Each structure stands twice: as structure tokens, then as C-alpha cells.
Amino acid sequence: QDMAQTKLNYVIEPTPSQFTKGVIVWTTVYGNIIVGPTATNQESKTDRSTDEKTLSQLRSWGERVVPALKAAEVLGSYSGLRPSCEHRDYQIKAFPSQNWITVGAIRST
């Protein structure tokens, strides 16, 4: 099937684990298909680089769940850092006298 004709009308999500929701496949409002994110722990708080191994794994996963992606051109790759801490739960603290709430270590996966 031609990628120009490939359209997902739904989000593909694997069964989540204790640590991650897994790699998701979905279509943007512009019609591009996105495969990701990953949830890879790392020590650096500044390294936002992508690497060939991870990109290859994402491509393989995408092609497995949407075979038409085998013919797709990769338009870009993106990375970022997600905050976390040593606690499993979100860290939320209210400062009512200052009308302020601090929220940290929020991970969506």
C-alpha cells in the first residue's frame, strides 16, 4: 500500500507495563504517522540526542504494527528529556499562602 494512501483512524497502543505505556503509533493532524516515544533511562540531564539503535527499533516496531510503513520516508526524529526522580509517585507540593503549587517528576509513561 502506498504511504500516501495510508491513514490511521486510531491510535495503536501496546499493553502497558509497570514502567511504560510502550511505543505508540498515531497520525498527526497533518497526516504524518508518528512512532514513539521511548522510555529509556539515562544519567545525563542534558543529552537530548537520538541514536541509530533507538531509531532502528522504532522503525521496526512501526513496520510491525503498520506494514505500509516499510515504504515510508522518515521525515524527522525528535528527542527530549522527561523528568523523574527516585520516587514512583508524582511530587506535588502546595504553598497556599503564595497561591503556588509545585509539580515535578511527572512522566506520562
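This text goes with the structure placed above it.
Since the structure is predicted, the reported quantities are computational estimates derived from the model, not experimental observations.

**Student:** Describe in detail the overall build of the protein chain, supporting the description with residues and values.
**Tutor:** Tallying secondary structure elements over the protein chain gives 1 helix and 4 strands in all. The order of helices and strands in the protein chain, counted from the N terminus, is β-β-α-β-β. Relative to the 2.2 N^0.38 estimate, which gives 13 Å for 109 residues, the radius of gyration of the protein chain is 17 Å and therefore markedly larger than a compact globule would have. Reported as C-alpha extents along the three principal axes, the dimensions of the protein chain are approximately 60 × 30 × 25 Å. Burial status across the protein chain gives 17% buried among its 109 residues. Partitioning the contacts of the protein chain with sequence separation of at least 6, the portion at a separation of at least 24 is 43%. Mean positive and mean negative side-chain charge positions of the protein chain (12 and 10 charges, respectively) differ by 5 Å.

**Student:** Give me a nonpolar patch on the surface: which residues, what numbers.
**Tutor:** The grouping of Tyr90, Ile92, Ile101, Val103 and Ile106 at the surface amounts to a nonpolar patch, some 500 Å² of accessible area in total. If you trace the backbone, Ile106 turns up in the segment after β4 (100-104). Judged by its relative accessible area of 35%, Ile106 falls in the partly exposed class.

**Student:** Please provide a residue-by-residue account of the pairing of strand β3 (residues 91-95), values included.
**Tutor:** Where β3 and β4 come together, 5 bridges link them in antiparallel fashion. Its bridge partner being in β4, Ile92 is matched across the sheet by Val103. Following β3, the chain reverses through 4 residues before pairing antiparallel with β4; Asn99 in that reversal takes a positive phi of roughly 55°.

**Student:** How would you summarise the pattern of salt bridges if you had to cite specific residues and measurements?
**Tutor:** This model, assessed by the stated rule, comprises 1 salt bridge. The salt bridge involving Glu63 is made with Arg59; its shortest N-O contact spans 2.8 Å. Pair noted here: Glu63 and Arg59 are both in helix α1 (residues 52-65), with a separation of 4 residues, about one helical turn. On the basis of relative accessibility, which here comes to 30%, the residue Arg59 falls in the partly exposed class.

Conventions and cut-offs
- Residues numbered from 1 in each chain as written.
- Predicted model: local features only at pLDDT ≥ 70, side-chain atom pairs only at ≥ 80, totals over all residues.
- Heavy atoms only, no water.
- Helix = DSSP H or I, 4+ residues; strand = E, 2+ residues; numbered from the N terminus.
- Rg over C-alpha atoms; globule rule 2.2 N^0.38 Å.
- Buried < 20%, exposed > 50% of the residue type's maximum accessible area, 1.4 Å probe, protein only.
- Contact = heavy atoms within 4.5 Å.
- Lys, Arg positive; Asp, Glu negative; His and termini not counted.
- Charge placed at Lys NZ, Arg CZ, Asp CG, Glu CD.
- Patch = residues over 30% accessible without salt bridge, like charges linked within 9 Å, V, L, I, M, F, W, Y side chains within 5 Å.
- Areas by Shrake-Rupley, 256 points an atom, 1.4 Å probe, with all protein chains shown as cover.
- Salt bridge = Lys/Arg side-chain N within 4 Å of Asp/Glu carboxyl O.
- Pairing = 2+ DSSP bridges.

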